[in-house]
Amino acid sequence: MTHNIPCFVAHRGYPALYPENSLPGIQAAIQAGTRYVEVDIQLSCQLTPYLCHDDHLRRLTGHNAYLTELRDDEIDILTIPYPSSTKYAPIPRLAKFCQYLAQYPQVTAFIEIKSESIARFGLNKTIAAILPIIDPVREQCVLISFDWEAIALIKTHQIYRIGWIIDGWSDKQSTMATRLEPDYLFSSIRYLPKNLDQLWSGSWQWVIYTVDDYDTALDYAKAGITLIETDTIGTLLAS
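Residues numbered from 1 in each chain as written. Predicted model: local features only at pLDDT ≥ 70, side-chain atom pairs only at ≥ 80, totals over all residues. Heavy atoms only, no water.

### Here's the deal with the overall build of the protein
Okay, so step 1: Of the regular secondary structure elements, the protein holds 10 helices and 11 strands.
Okay, so step 2: Over its C-alpha atoms, taken along the principal directions, the protein stretches across nearly 55 × 40 × 35 Å.
Okay, so step 3: The 239 residues of the protein split such that 54% are buried.
Okay, so step 4: Long-range pairs, those at least 24 residues apart, make up 57% of the contacts in the protein with a sequence separation of at least 6.
Okay, so step 5: Accessible surface for the protein amounts to roughly 11000 Å². Of this, 48% is attributable to carbon and sulfur atoms.
Okay, so step 6: Taking the average location of the 19 positive side-chain charges in the protein and that of its 27 negative ones, the two points are 2 Å from each other. (Helix = DSSP H or I, 4+ residues; strand = E, 2+ residues; numbered from the N terminus. Buried < 20%, exposed > 50% of the residue type's maximum accessible area, 1.4 Å probe, protein only. Contact = heavy atoms within 4.5 Å. Areas by Shrake-Rupley, 256 points an atom, 1.4 Å probe, with all protein chains shown as cover. Lys, Arg positive; Asp, Glu negative; His and termini not counted. Charge placed at Lys NZ, Arg CZ, Asp CG, Glu CD.)

Here's what the structure looks like:
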């Protein structure tokens, strides 16, 4: 097998040391030298995109509320604690993230459109709320989702790079990947076959998640999977 060097993707920024999907975490990841970041998008009830993985906010903020049911002004006052600190960071809007991203043209952002927002607002409204905001930096962005219909719809625009996230290892998923022909195909390491020679072949580039130690990442890179999401971006880039 060809020996390759891992190329690490900052999974939700730098959640080992900063609140996930927070601008401080993303800034720290970029300052550490990452060329790739991955963030998650949920919509407020006003269809404003925010960087947030969970719809229900208990885990992140301690509040018993759904982000998709809250107004923008209600979300803007919420904060997420740092992992090992008394500090807090707000939930950033996608627009603010894109303004920051524009300062670093060498960085590619994988932007995951969460299924909860699609289910609540519908596919067309969700996509329509996101695309105009990323357009100024679309050459730096790859729109990704578990929802294959979202990816298929975005692909019809023919100006966006796309990535599909599989939710298992099956013939059905393989067939859908072939139909979608995404630029990137994402998989949890839990779904990968033990023999990585059995990876589905296609025009896409594989991206896997989540690996937090260098030796494991190197093993995947040796097998040809070089884009690897990690929660400990600064540590692995320094390895």
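Now that the structure has been shown, the text picks up again.
### Quick notes on the packing of aromatic side chains
Okay, so step 1: For the coordinates displayed, the defined rule picks out 10 aromatic pairs.
Okay, so step 2: For the pair Y14 and Y18, a centre-to-centre distance of 5.8 Å together with 45° between the ring planes defines the contact as tilted.
Okay, so step 3: The partly exposed category is assigned to Y18, whose relative accessible area is 24%.
Okay, so step 4: Look at F110 and Y184: their rings are 5.1 Å apart centre to centre, the planes differ by 80°, and that puts the pair in the edge-to-face class. Of the two residues, F110 sits in strand β6 (residues 108-113) while Y184 sits in strand β9 (residues 184-188), which places them 74 residues apart along the sequence. Residues F110 and Y184 agree in their burial class; the two are buried.
Okay, so step 5: Through a chain of ring-to-ring contacts, three or more aromatic side chains come together here, namely Y36, F110, Y184 and F186. (Phe/Tyr/Trp six-rings, centres within 6.5 Å; stacked < 30°, edge-to-face > 60°.)

### Points about the packing of helix α1 (residues 23-32) against helix α4 (residues 94-101)
Okay, so step 1: At a minimum axis separation of 11 Å, α1 and α4 run at an interaxial angle of 20°. Here α1 is positioned roughly parallel relative to α4, judged by the angle of their axes. Considering the relative orientation of α1 and α4, their crossing is right-handed. In contact with L23, I26, Q27 and I30 of α1, α4 contributes K96, F97 and Y100.
Okay, so step 2: Each residue belonging to the contact of α1 with α4 can be placed in one class, and the counts come to five nonpolar, one polar and one charged. (Axes fitted to C-alpha atoms, helices over the stretch in contact; angles between N-to-C directions. Parallel < 35°, antiparallel > 145°, perpendicular 65-115°, else oblique. Left-handed = near helix turned anticlockwise from the far one by under 90°. Nonpolar A, V, L, I, M, F, W, Y, C, P; charged D, E, K, R; others polar.)

### Comments concerning the side chain of H11
Okay, so step 1: With respect to the helices and strands, H11 occurs in strand β1 (residues 7-11).
Okay, so step 2: Contact partners of H11, with chain neighbours within four places excluded, come to E38, T210, E229, T230 and D231.

### Side note on unusual backbone geometry
Okay, so step 1: Look at the link from Y209 to T210: it is a cis peptide, with omega at -10°.
Okay, so step 2: The topology assignment puts T210 in the loop between β10 (205-209) and α9 (214-222).
Okay, so step 3: Look at R12: it is not a glycine, yet its phi comes out positive at around 55°.
Okay, so step 4: Relative to the elements of secondary structure, R12 occurs in the loop between β1 and α1.
Okay, so step 5: Judged by its relative accessible area of 15%, R12 is buried.
Okay, so step 6: Residue N21 is not a glycine yet carries a positive backbone phi of 60°.
Okay, so step 7: Following the sequence through the fold, N21 ends up in the loop between β1 and α1.
Okay, so step 8: Looking at N21, the relative accessible area reads 1%, which means it is buried.

### Some words on the nonpolar core
The tendency in soluble globular proteins is for nonpolar side chains to be buried side by side.
Okay, so step 1: Residues L94, F97, I111, I134 and L143 are the most contacted members of the largest nonpolar core, which totals 57 residues.
Okay, so step 2: Dropping the residues within four chain positions of it, L94 is found in contact with I41, P49, Y50, L51, I111, I130, I133 and I134.
Okay, so step 3: Formed by 12 residues, the second largest nonpolar core is a distinct cluster that contains V9, Y184, V207 and Y209. (Core = buried A, V, L, I, M, F, W, Y, C linked by side-chain atoms within 4.5 Å.)

### Brief notes about the state of the cysteines
Okay, so step 1: Counted according to the given criterion, the structure contains zero disulfides.
Okay, so step 2: C45 forms no disulfide, and the closest cysteine sulfur to it belongs to C52, at a distance of 14 Å.
Okay, so step 3: Since its relative accessible area comes to 35%, C45 is described here as partly exposed.
Okay, so step 4: The thiol sulfur of C141 is not disulfide-bonded, and the nearest other cysteine sulfur, from C98, lies at 5.3 Å.
Okay, so step 5: On the accessibility criterion, C141 (2% relative accessible area) is buried. (Disulfide = S-S within 2.5 Å.)

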